[in-house]
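Spelled out from the first residue to the last, the chains are:
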Amino acid sequence: MLQKFDVIVIGAGAAGLMCAAQAAARGRSVLVVDHANKAGKKILMSGGGRCNFTNYFVAPDKYLSHNPHFCKSALKRYTQWDFIALVESHGVAYHEKKDGQLFCDNKASDILNMLLSECEQQSVQIWLDTAVRDIAQTAQSGCRYQMKAGGRLLGCESLVVATGGPSIPTLGATGFGYELAQQFGLKVYPPRAGLVPFTLTDHNKQLSESLSGTALSIEVECAGQIFRDDMLFTHRGLSGPAMLQISSYWQPGLSLSINLLPEQDVAALLRQLQHERPKLTLKNWLAELTTQKFAEHWLASSVWQQSTLAQLSGADMDAIAEGLHQWQVKPAGTEGYRTAEVALGGVDTAELSSKTMEAQRFPGLFFIGEVVDVTGHLGGFNFQWAWSSAVAAAEFV
Ligand code: FDA
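Residues numbered from 1 in each chain as written. Predicted model: local features only at pLDDT ≥ 70, side-chain atom pairs only at ≥ 80, totals over all residues. Heavy atoms only, no water.

Per an unreviewed UniProt entry, the protein chain goes by NAD(P)/FAD-dependent oxidoreductase and derives from Thalassolituus hydrocarboniclasticus. Taken verbatim from the UniProt record of the protein chain, the Cofactor (unreviewed entry) comment is "FAD". (UniProt positions renumbered as here; feature names shortened; annotations may be inferred.)

Written out as structure tokens, the structure is:
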């Protein structure tokens, strides 16, 4: 027998739960189906367990998409301030870490519990451990889509796809949303890992390996984008927020230009110190600005390894400055979906209404959250897209 709902949401993640609660608050009967054994697994592990749930400085230029204008409408109609108000109404304690990034004081589960309690208050049904298959459009009024799930035949007027992207498959992430879009003939931009660490293979890999655990505050440039933040050397390559940010813009074959001392003018500083502290070794000078370990490994194979500042020529100082201000690194690749925070690409926004998230050619079919070709920078922007796109759809499902 066909079991009917006004709205079926596939995916009990950030966007799916938000959309379900808001649609049910409008009086719609809502079912959320998820194949995982727990709702909101990515929320729970986000922000190092504290969920960076939004950012004070949400703006369209913090998002990558083949259509940079698409995100504007949803972000404007449900803002970071709206989500902060919701968080405050649930008494969730939070703080700004830096650059407008808002984190829970306690645990990421505060955000998940808030969403689950909103769903419960509005009598949303959530079926976990339930795979969905055989989704098809129907010609019946009030039941535009049918599918099989949990051994039952289900029907709904509005079907919301909120299955996220394929990053971290161990958390239940799949490319299901892309496949469903393609089943309906919608264009999907091929997904690729974003906000992900780089892997290295050449001599830079040895350097990274020996410096593993060392963090520096740097500036990185690639493909016309610049980020200034921390970089972490790892056993396999380069990580840390600056590297994650630039990874979303990097393409295979491109080099990164890294300024290891962005606060300094190294050439001018060395010339000045040559007079003031001529006996200082280059290594000790560099250790003062970075760390002892970095200075040792950075200079390990250089001709200036034992040099004092007095021994450096003008050309030496310029070469040292260039090396530190424009370290050229050509990554071998990235760590891929195993550790990526997001997937770039996804359902082409040209297929969707920016006001409602509904597929232009398929009334009643909605795509929200990460499955759409809208990807935020690091810093709470991806969750804000999940909330904003979810609320946009919830008004029309
Ligand atoms: P989300 O991935 O949240 O939910 C998708 C749901 O669909 C999952 O429950 C999944 O099980 C389900 N699903 C998948 N395939 C299915 C199928 N075939 N059938 C049924 N269900 C299916 N962002 C941010 O702004 N701040 C942060 O601090 C972080 N931190 C962070 C850490 C880590 C480790 C990761 C991996 C990611 C982040 N992110 C983040 C990104 C953020 O988690 C992400 O952008 C949102 O969770 C996307 O929300 P969605 O609801 O679109 O997908």
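Alignment of strand E13 (residues 215–222) against strand E14 (residues 225–233), held across eight bridges, turns out to be antiparallel. Looking across to E14, one finds that Ala215 is bridged to Leu232. In textbook terms, the turn of a hairpin is the stretch between consecutive antiparallel strands, and for E13 and E14 this stretch comprises two residues, one of which, Ala223, has a positive phi near 50°. Bridge count for E14 against strand E15 (residues 237–239) is two bridges, and the pairing is antiparallel. (Pairing = 2+ DSSP bridges. Helix = DSSP H or I, 4+ residues; strand = E, 2+ residues; numbered from the N terminus.)

Right, let's talk about the state of the cysteines for a bit. With the rule as written, the count across this model stands at zero disulfides. Not part of a disulfide, Cys119 finds its nearest cysteine sulfur in Cys19, a span of 9.6 Å. Cys143 carries a free sulfur, and the closest cysteine sulfur to it, the one in Cys156, is 6.7 Å from it. (Disulfide = S-S within 2.5 Å.)

A separate point is the pattern of salt bridges. Considering all chains together, one arrives at 13 salt bridges under this definition. Glu219 is the partner of Arg228 in a salt bridge, and the nearest nitrogen-oxygen pair spans 2.9 Å. Overall, the relative accessible area of 22% leaves Glu219 in the partly exposed class. For the salt bridge of Glu335 with Arg338, the shortest nitrogen-to-oxygen distance reads 2.8 Å. Note on Arg338: relative accessible area 55%, which makes it exposed. The network of salt bridges with common partners includes Asp6, Arg28 and Glu157. (Salt bridge = Lys/Arg side-chain N within 4 Å of Asp/Glu carboxyl O. Buried < 20%, exposed > 50% of the residue type's maximum accessible area, 1.4 Å probe, protein only.)

By the element assignment, Ser167 lies in the loop between strand E10 (152–161) and helix H6 (176–183). Of the residues examined, Ser167 reaches a relative accessible area of 0% and is grouped as buried. Side-chain polar atoms of Ser167 contact the backbone oxygen of Ala340, separated by 3.4 Å. Beyond its immediate chain neighbours, meaning those up to four positions away, Ser167 contacts Lys42, Ala173, Tyr337, Ala340, Glu341, Val342, Ala343 and Glu370. (Polar contact = N/O pair within 3.5 Å; in protein donor to acceptor, adjacent residues only side chain to side chain. Contact = heavy atoms within 4.5 Å.)

Our next topic: the site of the ligand. Neighbouring the ligand are 29 residues; Ala15, Asp34, Thr174, Glu370 and Phe383 lie closest to it. A distance of 3.2 Å is found between an oxygen atom of the ligand and a backbone nitrogen or oxygen belonging to Ala14. Within the backbone of Gly47, one N or O atom sits 3.1 Å away from an oxygen atom of the ligand. Relative to its free-state accessible area of 1,000 Å², the ligand is covered by the protein chains to the extent of 94%. When residues of the shell around the ligand are traced back to their parent elements, those giving at least two are helix H1 (14–25), helix H2 (41–45) and helix H13 (381–394). Of all the elements, H13 adds the most residues to the shell around the ligand, at three residues. Looking at the shell around the ligand residue by residue, the classes come out as twelve nonpolar, 13 polar and four charged. (Near = heavy atom within 4 Å. Areas by Shrake-Rupley, 256 points an atom, 1.4 Å probe, with all protein chains shown as cover. Nonpolar A, V, L, I, M, F, W, Y, C, P; charged D, E, K, R; others polar.)

This next bit is on the UniProt feature "domain: RsdA/BaiN/AoA(So)-like insert" (unreviewed entry) in the protein chain. UniProt records the feature "domain: RsdA/BaiN/AoA(So)-like insert" (unreviewed entry) for residues 192–342 in the present numbering. With 36% helix and 23% strand, the stretch residues 192–342 has end C-alpha atoms that lie 9 Å from each other.

Here the focus is the nonpolar core. Judged by nonpolar contacts, the single largest core of 86 residues is most densely connected at Phe83, Ile111, Phe367 and Trp385. Top contributing element to this core by residue count: H13, with ten residues. The contacts of Phe83, once residues within four sequence positions are left out, are Met18, Phe53, Tyr78, Ile111, Met114, Gln384 and Trp387. Residues Leu200, Ile218, Leu269 and Ala321 belong to the second largest nonpolar core, which totals 46 residues. (Core = buried A, V, L, I, M, F, W, Y, C linked by side-chain atoms within 4.5 Å.)

What follows concerns the domain arrangement of the protein chain. Considered domain by domain, the protein chain is made up of domain 1 (2–192 + 343–394), domain 2 (198–261) and domain 3 (266–328). For domain 1 versus domain 2, the separation of C-alpha centres amounts to 31 Å. The interface is formed by six residues belonging to domain 1 together with ten residues belonging to domain 2. Carbon and sulfur atoms supply 45% of the area that domain 1 and domain 2 bury against each other, a total of about 700 Å² over both sides. For domain 1, the biggest contributors to the area lost against domain 2 are Arg192, His377 and Leu378; these three give 61% of the whole. Inspection of the region where domain 1 meets domain 2 yields one salt bridge. A salt bridge links Lys98 to Asp229, with the nearest nitrogen and oxygen atoms 2.7 Å apart. (Domains from an automatic or database assignment. Buried area = accessible area lost by both parts, 1.4 Å probe.)

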